Amino acid sequence: MHLDESTFQHAARSWWDGDADHYHAEHTGYFDSFYWCPEMLTEADAHLLGDVTGKRVLEVGCGSAPCSRWLAGHTEPELLVAFDLSAGMLRRAERSLNLVQADAAAMPFAEDSFDIVFSSYGAIPFVAHPEKVMEEVARVLRPGGKFVFSINHPMRWIFPDDPGPAGLIAQISYFDRSPYVETDNGEVTYAETYRTLGDRVRDLVSAGFVINEVIEPEWPDDLTQEWGQWSPLRGKIFPGTIIFSSMLPG
């Protein structure tokens, strides 16, 4: 199924507006810190952004902005801005933050505005053309700036979204780049794009980025909580998250 950018945008906004309260009620333990992923890797432990003191920082697809809230309380950036497409999610964010409602494929910021851009499972899978997000980040990022983002690990698309044994049986071609779509009476209510690992690398490199590191967080031994398709059973066998750490040449 081919979907244009406006269909993706409408689906993402309406889905997350409608799901904001349920999402927060279901995942209460994940909003008290800066977590990169359901494996609960924290920025405090991983230091993927490095020293943000005096830096201009942008969060892409912030949701209710728990990551930016943590940064604001534990670091000293010169400027910290967080944006999301969903007004419903932004309404749940800390009011003291610099919040913007915007589309990740058309960011309302000037060129060379930020030193660090990051995204924790935000926006990138929910646009029709993820490469445009890479291009927009490159546009607003200063030369020498850092871009770090976490997303579903591409190999997860091979398996059904089931945290149990059924989720261990590969059923979908890794090379089938069809988007995942849910509809209601013919209207697209949820849409998510898929890219292989090679596609993600090409999108970054084509936008001008140099990839410094690729992180695949392991499932912690003491984490028993499930999050949708993420579970200890699956997490012990194959990765659920991939994190790209990249930079623009200075």
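All values derive from a computational prediction rather than experimental measurement.

Parameters and conventions
Residues numbered from 1 in each chain as written. Predicted model: local features only at pLDDT ≥ 70, side-chain atom pairs only at ≥ 80, totals over all residues. Heavy atoms only, no water. Phe/Tyr/Trp six-rings, centres within 6.5 Å; stacked < 30°, edge-to-face > 60°. Helix = DSSP H or I, 4+ residues; strand = E, 2+ residues; numbered from the N terminus. UniProt positions renumbered as here; feature names shortened; annotations may be inferred. Buried < 20%, exposed > 50% of the residue type's maximum accessible area, 1.4 Å probe, protein only. Contact = heavy atoms within 4.5 Å. Pairing = 2+ DSSP bridges. Axes fitted to C-alpha atoms, helices over the stretch in contact; angles between N-to-C directions. Core = buried A, V, L, I, M, F, W, Y, C linked by side-chain atoms within 4.5 Å.

### Thoughts on the packing of aromatic side chains
Alright, step 1. Counting across every chain of the model gives 23 aromatic pairs.
Alright, step 2. Judged by centre distance (5.8 Å) and plane angle (80°), the ring pair of Tyr121 and Trp230 falls under edge-to-face. Placement of the pair is Tyr121 in the loop between strand E4 (114-120) and helix H5 (130-140) and Trp230 in the loop between strand E8 (210-215) and helix H7 (232-235), with a sequence separation of 109 residues.
Alright, step 3. Relative to Phe175, the ring of Tyr174 lies with its centre 5.2 Å away and its plane at 90°, an arrangement referred to as edge-to-face.
Alright, step 4. Clustering of aromatic rings is evident, with ring pairs tying together Trp15, Trp16, Tyr23, Tyr30, Phe31, Tyr35, Phe126, Tyr180, Tyr190 and Trp227.

### Quick look at the UniProt feature "domain: Methyltransferase type" (unreviewed entry) in the protein
Alright, step 1. Here the UniProt feature "domain: Methyltransferase type" (unreviewed entry) sits at residues 58-149.
Alright, step 2. Regarding residues 58-149, the helix share stands at 26% and the strand share at 32%, and the terminal C-alpha atoms are separated by 12 Å.

### Some thoughts on H5
Alright, step 1. Buried within H5 we find Pro130, Val133, Met134, Glu136, Val137, Ala138 and Val140.
Alright, step 2. In this structure, the buried residues of H5 make contact with strand E1 (56-60), E4, strand E5 (141-152) and helix H6 (197-206).

### Quick look at the sheet that holds strand E9 (residues 241-247)
Alright, step 1. Spatially, the seven strands line up as an open sheet ordered E3-E2-E1-E4-E5-E9-E8, and their pairing is mixed. Of all strands in the sheet, those with a lone pairing partner are strand E3 (98-101) and E8, marking the two edges. Strand-to-strand twist in this sheet, taken as the mean axis angle between neighbours without regard to direction, amounts to 15°.
Alright, step 2. With six bridges connecting them, E4 and E5 associate as parallel partners. Across the sheet, the residue bridging to Phe118 is Val148, located in E5.

### What about the side chain of Ser68?
Alright, step 1. By secondary structure assignment, the location of Ser68 is in helix H3 (residues 66-74).
Alright, step 2. Filtering out sequence-adjacent residues up to four positions away, Ser68 remains in contact with Glu59, Leu80, Ala82, Leu97 and Phe118.

### Some words on unusual backbone geometry
Alright, step 1. Although it is not a glycine, Ala65 adopts a positive phi angle of roughly 65°.
Alright, step 2. With respect to the secondary-structure elements, Ala65 resides in the loop between E1 and H3.
Alright, step 3. Look at Asn185: it is not a glycine, yet its phi comes out positive at around 55°.
Alright, step 4. Within the secondary structure, Asn185 sits in the loop between strand E6 (180-184) and strand E7 (187-192).

### Some remarks on the nonpolar core
Alright, step 1. If you look at the biggest cluster of nonpolar residues, it comprises 28 residues, and the most contacted ones within it are Leu58, Met107, Val117, Phe147 and Phe209.
Alright, step 2. Looking at this core, the elements that each hand over two or more residues are E1, strand E2 (79-84), E4, H5, E5 and E9.
Alright, step 3. When residues in this core are grouped by element, the largest group, five residues, is from H5.
Alright, step 4. With 16 residues, the next largest nonpolar core counts Phe34, Cys37, Val57 and Ile116 among its residues.

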